[in-house]
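What follows is each chain in one-letter form.
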Amino acid sequence: MDIFLLEAIINGVLLGGVLALLALGLNLIFGVIDVVWIAYADLVMCGMYVVYLLYAALGWPLPLACIVAVVGVAILGVAVHVLIIAPILGSAPINQLLATGGLLFFLQSFATLLFGTDFRNLGLRLPIIEVGDIYISSARLLAFAMALIGAVAIYLFLRRTFIGTAIRAIAQDRDIIGLMGVDERRIYVITSAIGAALAGLSACLLALQYDVHPFIGNTFGPLIFLICVLGGLGDMIGGFIAAFIISQIIAIGGYYSSTELSYVLAFAFFIVLMFVRPREILVR
Amino acid sequence: MRARCVAYIGWLAIVVALPFFTQPYYMHLLIQILLWSFVYTAWSIMGRFGFVSLGHGAFMGVGAYVPGLLWSYYGVTPWAGIPLGVLVSVLLALIIGYPCFRFRVIGHYFALVTLALGQVIMLSIIAARDFTGGSLGFTLRAVGNSWLALQFVRRPTGT
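What counts as what
- The residue count restarts for each chain, going from 1 along the sequence in the order it is written.
- Starting at A for chains and at 1 for ligands, labels are handed out in the order in which the entities are written.
- Only residues with pLDDT of at least 70 get local features here, since the model is predicted, and only at 80 or more are side-chain atom pairs given and counted; chain-wide, interface and lining totals rely on the full set of residues.
- Only DSSP runs of H or I with at least four residues qualify as helices, and only runs of E with at least two residues qualify as strands; both kinds are numbered from the N terminus onward.
- Only C-alpha atoms enter the radius of gyration, while the globule expectation follows 2.2 Å times N to the 0.38, with N the number of residues.
- Placing C-beta atoms from the backbone, we regard two residues as in contact once those atoms come within 7 Å.
- Helix axes use the C-alpha atoms of the stretch in contact, all axes being lines fitted to C-alpha atoms, and the angles between their N-to-C directions lie in the range 0 to 180 degrees.
- Angles below 35 degrees are treated as roughly parallel, those above 145 as roughly antiparallel, those between 65 and 115 as roughly perpendicular, and all remaining angles as oblique.
- Helix crossings are classified by the rotation of the near helix relative to the far one: an anticlockwise turn of less than a right angle makes the crossing left-handed, while a clockwise turn makes it right-handed.
- Nonpolar cores are built from buried Ala, Val, Leu, Ile, Met, Phe, Trp, Tyr and Cys residues. These are joined into a set through C-beta atoms within 7 Å.
- Counting other C-beta atoms within 10 Å of a residue's C-beta gives its exposure: the residue is buried at 20 or more, exposed at 12 or fewer, and partly exposed in between, where C-beta atoms are placed from the backbone.
- Classification convention: Asp, Glu, Lys, Arg as charged; Ala, Val, Leu, Ile, Met, Phe, Trp, Tyr, Cys, Pro as nonpolar; all other residues, Gly among them, as polar.

1. Digging into the overall build of chain A
Move 1: The secondary structure content of chain A amounts to ten helices and two strands.
Move 2: Along its sequence from the N terminus, chain A presents helices and strands in the succession α-α-α-α-β-β-α-α-α-α-α-α.
Move 3: Over its C-alpha atoms chain A spans a radius of gyration of 19 Å, differing by no more than 12% from the 19 Å that the globule rule assigns to 284 residues.
Move 4: Taking the contacts inside chain A whose residues are at least 6 apart along the sequence as the reference set, 76% of them involve residues at least 24 apart.

Quick look at the structure:
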């Protein structure tokens, strides 16, 4: 096999890890609260700016900056839920979608106002690992490993703890859950916090690889939604598999043609798959 | 009926008269208002049936690029290019819309299919950067004052 193709495939797998983590957070919110957070990718953008601001501008140590970013985005997520989603929880889905759409423009404009449209990076170069003739960026490897750890932690949390069980129960039947002695509103707030914290963690991992700018959410936001839907809403493992399929399409397509065309291919694949197997998804 | 006629004519007169005494910036705003209200109308036609389209930018993009590219590269007048652009975006809508409703892709799923469509069109235009100028966009071939090209040299307006 061609060595560059192999490199593309490996990079695809590494990209898939971060995409899977992002999709996991969105999936949680999507499946449990049943609200489409269009602005999810822009929470990631906010997290990246926090890391940038603390690490590059204020000179904090990187792990501390990352922790602050995760906590900060989680708080932002709770604020989004309490201030925007909770008051319109009972209204038509389109209103919820448009409200978070408004948040998207607000966050993008706000970031533009604060930081301008410049591309900013952390000014941090992690070493490149060389395996035979293949070059792997250790930032990507770290991101992949952290994404896997985060996903396993969330999986265990959902399976092993009482709150996790309540979250899964609410995704199955939100009407009856109140009778089982679970306070829905509290679970919603916790779910928002966890989903947003995952966005914050992804932000830390992405900040190591990509430049930060106010519109970075637009570049991978639609992708995360596709992965969520491909994997099946609320289906964590399906989302994981879908993330790797999409990232492989992008990586291998990018090897044979240009980056844009590989994304076109991924989106076209999604559209066709929606027609071939609407609703019930990919795996199984 | 008559009152309505008078109202329409009065409205038309105001719209026709506005460019003669409006400052360029406010003129720009007025044109934007009309354009966006047009786009909004297109969107709400579907929105009122519960179909949330996140891909209307795709149709707008096709409608903008088809006449623009036809004029700049092939010298096709926008008078023919604009109907052609409309036709192409109608075709695109049919290609995506027919299977959607045939296979009952509705609700959140419809919104996401249109989102993907918007991305497909946008990224295709960027990918064809030799032809379309990519994400930098492209400027129409300017020919000065011409009804054929629907281009008008800016004249001093307002007071």
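And the narrative resumes.
2. Notes on the packing of helix H1 (residues 3–33) of chain A against helix H7 (residues 184–209) of chain A
Residue and element names in this part refer to chain A.
Move 1: Relative to each other, H1 and H7 sit at 165 degrees, their axes nearing to 9 Å. It follows from the interaxial angle that H1 and H7 lie roughly antiparallel. Classified by chirality, the crossing of H7 by H1 is left-handed. Between H1, through Val 18, Leu 21, Leu 22, Leu 24, Gly 25, Leu 26, Leu 28, Ile 29, Val 32 and Ile 33, and H7, the contact on the second element is made entirely by Tyr 188, Thr 191, Ser 192, Ile 194, Gly 195, Leu 198, Ala 199, Leu 201, Ser 202, Leu 205 and Leu 206.

3. Some points on the nonpolar core
Residue and element names in this part refer to chain A.
Move 1: Counting 123 residues, the largest nonpolar core has Leu 19, Met 48, Val 51, Val 73, Ile 224, Leu 226 and Ile 227 as its most contacted members.
Move 2: Broken down by element, the residue count for this core peaks at 16 residues, all from H1.
Move 3: Setting aside residues no more than four positions away along its own chain, Ile 227 makes contact with Leu 19, Ala 23, Gly 239, Ala 242, Ala 243 and Ile 246.

4. A short note on the environment of Ala 147 of chain A
Residues and elements named next belong to chain A.
Move 1: Within the fold, Ala 147 resides in helix H5 (residues 138–160).
Move 2: Residue Ala 147 is classed as buried on the basis of its 26 C-beta neighbours within 10 Å.
Move 3: Distance from Ala 147 to Phe 110, taken between C-alpha atoms, is 28 Å for residues 37 residues apart in sequence.
Move 4: Leave out the neighbours within four places in its chain, and Ala 147 touches Gly 17, Val 18, Ala 20, Leu 21 and Leu 205.

5. Thoughts on the packing of helix H3 (residues 56–74) of chain B against helix H5 (residues 108–127) of chain B
Residue and element names in this part refer to chain B.
Move 1: In the contact formed by H3 and H5, the axes pass within 8 Å of each other and the chain directions differ by 30 degrees. Facing Gly 57, Ala 58, Gly 61, Val 62 and Tyr 65 of H3, the residues of H5 in contact are Leu 117, Gly 118, Ile 121, Met 122 and Ile 125.
Move 2: Looking at side-chain class alone, the contact of H3 with H5 contains seven nonpolar, three polar and no charged residues.

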